[in-house]
Amino acid sequence: MMELVVDSKAREKDLLEGVKERVRWSIPHSVMDTIKIKTDNINDKPLESEFSCVKIKILFFARARDLTGLTEMPLELSSGSTTRDCLNKLVAKFPCLEEIRGCIVLALNEEYTTEDSVVKEKDELAIIPPISGG
């Protein structure tokens with residue numbers, strides 16, 4: 001009589017490979033492509049996403065400071081947002097800012113700017129209303 005000796009490690013490896021093969025064939029190619037892309041980038045910079053955010057600092061001066069009760073605050077926006085998007089978000093949070101929105105000046109990182117400027121991570125946006133005095 002002949003005795004059959006099976007290497008348990010080799011058998012375990014064969015079983016695992018069979019399971020991997022069945023799983024691979026049961027997942028649609030588009031999902032496998034996504035998995036491959038994500039695993040290919042594990043050691044690289046994170047993939048840009050439509051859901052990525054930037055955090056900036058808002059500085060309030062003069063009447064804007066009076067209306068909000070704040071001198072500064074953090075603001076989180078989606079990547080690619082403009083200073084106009086910042087203002088819209090601020091007016092939604094502080095509706096009283098609407099009264100000065102038409103006459104404020106914006107400064108992005110200590111440089112005057114328009115409402116079309118794109119904000120980036122750690123930017124500083126100053127809200128500067130008109131100041132009168134003599």
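Nothing here was measured: the structure is a model prediction, and the numbers come from that model.

**Concerning the sheet that holds strand E2 (residues 72-78)**
Point 1. An order of E2-E1-E5-E3-E4 is seen for the 5 strands of this open sheet, with the pairing classed as mixed. Taken across any chain shown, the strands that pair with only one partner, and hence form the sheet edges, are E2 and strand E4 (111-113). Put simply, the sheet's adjacent strands are angled 35° from each other on average, direction ignored.
Point 2. Where strand E1 (residues 53-60) lies against E2, 7 bridges are found, and the strand directions are antiparallel. The partner of leucine 59 across the bridge, within E2, is glutamate 72.
Point 3. Contacting E1, E2, strand E3 (105-108), E4 and strand E5 (124-128), helix H4 (residues 83-93) runs over the sheet at an angle of about 120° to E2.

**What to know about the pattern of salt bridges**
Point 1. Throughout the structure, instances matching the rule amount to 6 salt bridges.
Point 2. Note that glutamate 124 is salt-bridged to lysine 57, the shortest N-O span being 3.7 Å. Placement of the pair is glutamate 124 in strand E5 and lysine 57 in strand E1, with a sequence separation of 67 residues.
Point 3. For glutamate 124, a relative accessible area of 25% puts it in the partly exposed group.
Point 4. Among the residues examined, lysine 57 registers a relative accessible area of 32% and is labelled partly exposed.
Point 5. With a shortest N-O distance of 3.8 Å, arginine 101 and glutamate 115 are connected by a salt bridge.

**What to know about unusual backbone geometry**
Point 1. Backbone geometry places alanine 62, a non-glycine residue, at a positive phi of 50°.
Point 2. Along the chain, alanine 62 falls in helix H3 (residues 62-68).
Point 3. Alanine 62 gets classed as partly exposed once you look at its relative accessible area, which sits at 21%.
Point 4. A positive phi is found at asparagine 109, a non-glycine position, where the angle reads about 55°.
Point 5. Here asparagine 109 lies in the loop between E3 and E4.
Point 6. The exposure class of asparagine 109 is partly exposed, given its relative accessible area of 37%.

Rules and cut-offs
- Residues numbered from 1 in each chain as written.
- Predicted model: local features only at pLDDT ≥ 70, side-chain atom pairs only at ≥ 80, totals over all residues.
- Heavy atoms only, no water.
- Pairing = 2+ DSSP bridges.
- Helix = DSSP H or I, 4+ residues; strand = E, 2+ residues; numbered from the N terminus.
- Axes fitted to C-alpha atoms, helices over the stretch in contact; angles between N-to-C directions.
- Contact = heavy atoms within 4.5 Å.
- Salt bridge = Lys/Arg side-chain N within 4 Å of Asp/Glu carboxyl O.
- Buried < 20%, exposed > 50% of the residue type's maximum accessible area, 1.4 Å probe, protein only.

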